[in-house]
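# Fold and contact review
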Amino acid sequence: MMRHIIAPGGELKGEMRAGSDKSITHRAFLLSALAEGESEILSPLISADTMATLNLVRACGAKVAEEEGRITVCGGELHSPPEGKADCGNAGTLMRVFCGVAAGWNLQCVLTGDESLSTRPMRRVVWPLLEMGANMEISDSGTPPIVVREQKTLSGMHHKIKMASAQVKSALLLAGLRAQGETTVTEPVASRDHTERMLELFGVTVLREGLRAGVCGGAKLRGGVTVRVPADMSSAAFFMAGAAMTPGSDLLLCDVGTNPGRFGAVDILRQMGADVDILNVRDCGGEPAADIRIFGSELRGVEIGADAVPAAIDDLPALLVAAAAAEGETVLSGAGELRHKESDRLAAVAAGLSALGVECELREDGMVVRGRGGEKEGAVFSGGDVDARGDHRIAMAFSIAGLRAGGEITVRNCENVETSYPGFADAAKEAGLRIVCGEGDIIPPREGE
Ligand code: S3P
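Conventions used here
- Residues numbered from 1 in each chain as written.
- Predicted model: local features only at pLDDT ≥ 70, side-chain atom pairs only at ≥ 80, totals over all residues.
- Heavy atoms only, no water.
- Pairing = 2+ DSSP bridges.
- Helix = DSSP H or I, 4+ residues; strand = E, 2+ residues; numbered from the N terminus.
- Axes fitted to C-alpha atoms, helices over the stretch in contact; angles between N-to-C directions.
- Contact = heavy atoms within 4.5 Å.
- Near = heavy atom within 4 Å.
- Polar contact = N/O pair within 3.5 Å; in protein donor to acceptor, adjacent residues only side chain to side chain.
- Areas by Shrake-Rupley, 256 points an atom, 1.4 Å probe, with all protein chains shown as cover.
- Nonpolar A, V, L, I, M, F, W, Y, C, P; charged D, E, K, R; others polar.
- Domains from an automatic or database assignment.
- Phe/Tyr/Trp six-rings, centres within 6.5 Å; stacked < 30°, edge-to-face > 60°.
- Buried < 20%, exposed > 50% of the residue type's maximum accessible area, 1.4 Å probe, protein only.
- Lys, Arg positive; Asp, Glu negative; His and termini not counted.
- Salt bridge = Lys/Arg side-chain N within 4 Å of Asp/Glu carboxyl O.
- Core = buried A, V, L, I, M, F, W, Y, C linked by side-chain atoms within 4.5 Å.
- Buried area = accessible area lost by both parts, 1.4 Å probe.

### Digging into the sheet that holds strand S3 (residues 37–42)
- Ordered by their spatial adjacency, 4 strands build an open sheet running S4-S5-S3-S16, and the pairing between neighbours is mixed. Strand pairing shows two members of the sheet lacking a second neighbour, strand S4 (63–67) and strand S16 (226–228), which therefore form its edges. Pairs of neighbouring strands in the sheet enclose a mean axial angle of 15°, with direction left out of account.
- Across 5 bridges, the pairing between S4 and strand S5 (residues 70–75) is antiparallel. Considered in S5, the bridge of Lys-63 is made with Cys-74.
- The strands touched by helix H1 (residues 22–34) are S3, S5 and S16; relative to S5, the strand with the most contacts, the crossing angle is about 35°.
- Packing against the sheet, helix H2 (residues 48–59) makes contact with S4 and S5, and its axis sits at approximately 140° to S4.

### Describing the site of the ligand
- The environment of the ligand is made up of Ser-23, Arg-27, Thr-93, Arg-96, Ser-165, Ala-166, Gln-167, Arg-192, Ile-313, Asp-314 and Lys-341.
- Take Lys-341: an N or O atom from its side chain is 2.6 Å from an oxygen atom of the ligand.
- Considering the ligand on its own, with 380 Å² of exposed area, one finds that the protein chains cover 94% of that surface.
- Contributing elements (two or more residues each) for the shell around the ligand: H1, helix H3 (92–104) and helix H5 (166–176).
- Here the residues of the shell around the ligand sort into 2 nonpolar, 4 polar and 5 charged.
- If you count residues domain by domain, the shell around the ligand takes at least three from each of domain 1 (2–20 + 231–439) and domain 2 (22–228).

### Thoughts on the pairing of strand S24 (residues 384–387)
- By the bridge criterion, 4 bridges tie S24 to strand S25 (residues 409–412) in an arrangement that is parallel. In the sheet register, Asp-387 faces S25, and the bridge partner there is Arg-412.

### What to know about the packing of aromatic side chains
- Taken as a whole and judged by the stated rule, the model has 4 aromatic pairs.
- With 6.3 Å between their ring centres and 65° between their planes, Phe-239 and Tyr-421 make a pair best called edge-to-face. Placement of the pair is Phe-239 in helix H7 (residues 233–244) and Tyr-421 in the loop between S25 and helix H12 (424–431), with a sequence separation of 182 residues. Neither residue differs from the other here; Phe-239 and Tyr-421 are each classed as buried.

### Section: unusual backbone geometry
- Residues Pro-144 and Pro-145 are joined by a peptide bond in cis, for which omega reads 5°.
- By the secondary structure assignment, Pro-145 is in the loop between strand S8 (136–138) and strand S9 (146–148).
- Unusually for a residue other than glycine, Glu-83 sits at a positive phi of about 55°.
- Tracing the chain through its elements places Glu-83 in the loop between S5 and strand S6 (85–87).

### Re the side chain of Arg-27
- With respect to the secondary-structure elements, Arg-27 resides in helix H1.
- Buried and unpaired, Arg-27 has no salt bridge, with Glu-196 as the nearest side chain of opposite charge at 6.3 Å.
- Only 3.4 Å separates the side chain of Arg-27 from the side chain of Ser-170, close enough to count as a polar contact.
- One polar contact links Arg-27 to Thr-195, side chain to side chain, over a distance of 2.7 Å.
- Arg-27 has contacts with Ser-32, Thr-93, Ala-166, Ser-170, Arg-192, His-194, Thr-195 and Met-198, leaving out every residue within four places of it along the chain.

### Overview of the nonpolar core
- Among the nonpolar cores identified, the biggest contains 81 residues, and Phe-239, Met-240, Leu-253 and Phe-381 are the most heavily contacted of them.
- Apart from the residues within four sequence positions on either side, Phe-239 is in contact with Leu-12, Met-16, Leu-251, Leu-253, Tyr-421, Phe-424, Ala-427, Ala-428 and Ala-431.
- Residues Ala-103, Leu-117, Met-122 and Leu-173 belong to the second largest nonpolar core, which totals 69 residues.

### Let's talk about the domain arrangement of the chain
- Along its sequence, the chain is carved into domain 1 (2–20 + 231–439) and domain 2 (22–228).
- The contact between domain 1 and domain 2 buries some 2,200 Å² in all, and 46% of this surface belongs to carbon and sulfur atoms.
- When residues of domain 1 are sorted by the area they lose upon contact with domain 2, Ser-20, Glu-342 and Thr-419 head the list and together hold 23% of the total.
- Applying the counting criterion to the domain 1 and domain 2 interface returns 4 salt bridges.
- Here Glu-337 makes a salt bridge to Arg-124, at a shortest N to O gap of 2.7 Å.
- The tally of links from domain 1 across to domain 2 stands at 15 residue pairs in polar contact (both at pLDDT 80 or more).
- Mapped onto the side of domain 1 that touches domain 2, the elements with two or more residues apiece are strand S19 (287–295) and helix H11 (392–399).

Right, dumping it as structure tokens:
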């Protein structure tokens, strides 16, 4: 069982690039497999989740060549994977988005996942696809496996989804490319629009009107495209939160994707009083990217409401850890979706904060964190033992707590950090976190190491 052991103290300094973007990498592999011709993906994220996507498109007939920092995918004619096996591992994005691909391209398969993915809700994507004419089956509990069977051509539809979800939106738009007529998706709040931007890069006209996005059936993806993947805002977020809550920190995070649907962590940290500079804003193949400089500051508690949740959804565990170092209460609401991620993230964060001596109140759709910033300088967290519950973001969020801890923190069940950020512990150590990781007997870092 993989553990992180973090000695107390340190500050985050220097310049680094967080791991490449997971959301964009998944889409780059999928869309280049759907496009005629060869496309190249530069600096893709190589992680367990994205490799599950690459393996699946390969199994469906895309030709893949891998080099250091560059993957080429030659797509076009896709067929059902051998014996219909489509293992999505821990990757919710792959499973949900691939449902749209399988329905649109008439690929017969059984989508399965690991223990965590097998408990995650899938009706949100299966039901609207059934309305379009897909032939899919899901268990009564609404969880995987998902069986996709042969079907006739889909019918385009105007979907109004109740909860913002880039995964659902992406699945419906991709299915819509092969449906008769127009397919549109309207969300209550804007989610990340990586799919819309990347479809445009692949030559597809995307209707975009406020909270509505749409495509016309029959539109073809044109390959021969280069997708350069920026660093992942949600991997950078652990370092942003860690630097912001630690006096003396001064960290430059280079080449971070700053898609408006992912910018919530910066907005929330700024509301908390963090000193954040966005530098060198540029276009990265249709996606905005920038360097982010962040300094340690005195933070204050804030209210994070439902409208702010989608753009910070994956970053909320790290922000809630930083909230413990703020003066006053941070109140998160409208975030019930966090209970359906790789773990119940509200429960996992509340348990982790409590284990480290921080008072919090768990609510159905959020929590209150009673910040300790005003109490004293120095330690915010006691040392202690945190269970990451096999959830990569919980593991990384509680590792950064070591920066403001009074004793050693052990985070257990960290193996799934590999799903989104292999190399996290080394990068964190390089930036100034006193972290070691390993299985079995590992030697904790010494004071000041
Ligand atoms: C993702 C969208 C988000 C996010 C997930 C990745 C994506 O989920 O939490 O980690 O790549 O589209 P929802 O769109 O379901 O909210």
